[in-house]
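Letter by letter, the chains look like this.
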Amino acid sequence: MSRAFVKELEDEINDLPVRPVSTHPNYVTAEGLAAIERALSRFEAANKAAIAKNDRTAMAATQRELRYWIARRSTAKVVEPTADKSKVQFGATVTVRRDDGRAQTFRIVGEDKAEPARGTVSHISPLARAVLAGIVGETVEVPGGAATITEIK
């Protein structure tokens, strides 16, 4: 194998794009912070294994993930749940009735924890921003039309 080819591979490995870190406040629930800690542990173990095998590709990939999760942990702001369920806040589970009659329930969480298919949306999503600080009975404009907040947990 020519040295030029090896050098190209090394450059590719070292030039993994940086995972972008959001510029929005990194609000997390206690569960979200625990998930960040689990991700860090997982990638630290994977990085040690890659070093032991001298697997440069795996080392680059795990180090990239470690940089991302270290940054997310260092900026995490834990938002404690509040007993006040009179208005929509970070961490709340909200049910809305859309103008077409469909009911939708979702929990407002941090960016790294959001999985809309599982009923969690990021606090910076258009849906969450539309309902934050809303109260039961209030109609708000959401993507795709209007929705009325019917329940806050």
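Structure's up top.
Residues numbered from 1 in each chain as written. Predicted model: local features only at pLDDT ≥ 70, side-chain atom pairs only at ≥ 80, totals over all residues. Heavy atoms only, no water.

Chemist: Could you clarify how one ought to interpret the overall build of the chain in this entry?
Modeler: Helix and strand content of the chain: four helices and seven strands. Shown N-terminal to C-terminal, the secondary structure of the chain runs as helices and strands in the order α-β-α-α-β-β-β-β-α-β-β. Over its C-alpha trace the chain gives a radius of gyration of 21 Å, far above what one expects of a compact globule, namely 15 Å for 153 residues. Projected onto its principal axes, the C-alpha positions of the chain cover 70 × 30 × 25 Å. Relative to its full complement of 153 residues, the chain shows a buried share of 31%. Total accessible area on the chain stands at roughly 9,300 Å², and carbon and sulfur atoms take up 55% of it. (Helix = DSSP H or I, 4+ residues; strand = E, 2+ residues; numbered from the N terminus. Rg over C-alpha atoms; globule rule 2.2 N^0.38 Å. Buried < 20%, exposed > 50% of the residue type's maximum accessible area, 1.4 Å probe, protein only. Areas by Shrake-Rupley, 256 points an atom, 1.4 Å probe, with all protein chains shown as cover.)

Chemist: What is the right way to look at the pattern of salt bridges in this model?
Modeler: Where charged atoms of side chains with opposite charge meet at close range, the side chains can pair. In the structure shown here, the tally under the stated rule is seven salt bridges. Arginine 19 is paired through a salt bridge with glutamate 65; the nearest N and O atoms lie 2.6 Å apart. Separated by 46 residues along the polypeptide, arginine 19 in the loop between α1 (3-14) and β1 (26-28) and glutamate 65 in helix α3 (residues 56-75) bring together distant segments of the chain. Glutamate 65 sits in the buried class, given a relative accessible area of 14%. Each of the salt bridges in this network shares a partner with another, and the network as a whole consists of Arg72, Glu111 and Asp112. (Salt bridge = Lys/Arg side-chain N within 4 Å of Asp/Glu carboxyl O.)

Chemist: Looking at this model, I keep getting lost on the sheet that holds strand β3 (residues 93-98). Mind explaining?
Modeler: Sheet architecture is open: five strands sit in the order β5-β4-β3-β7-β6, paired in mixed fashion. Two strands in the sheet have a free side with no partner beyond their single neighbour: β5 (120-122) and β6 (139-142). The average undirected angle you get between the axes of adjacent strands in this sheet is 45°. As paired strands, β3 and strand β7 (residues 145-152) are joined by five bridges and run antiparallel to one another. Bridge pairing in β7 links threonine 95 to glutamate 151. (Pairing = 2+ DSSP bridges. Axes fitted to C-alpha atoms, helices over the stretch in contact; angles between N-to-C directions.)

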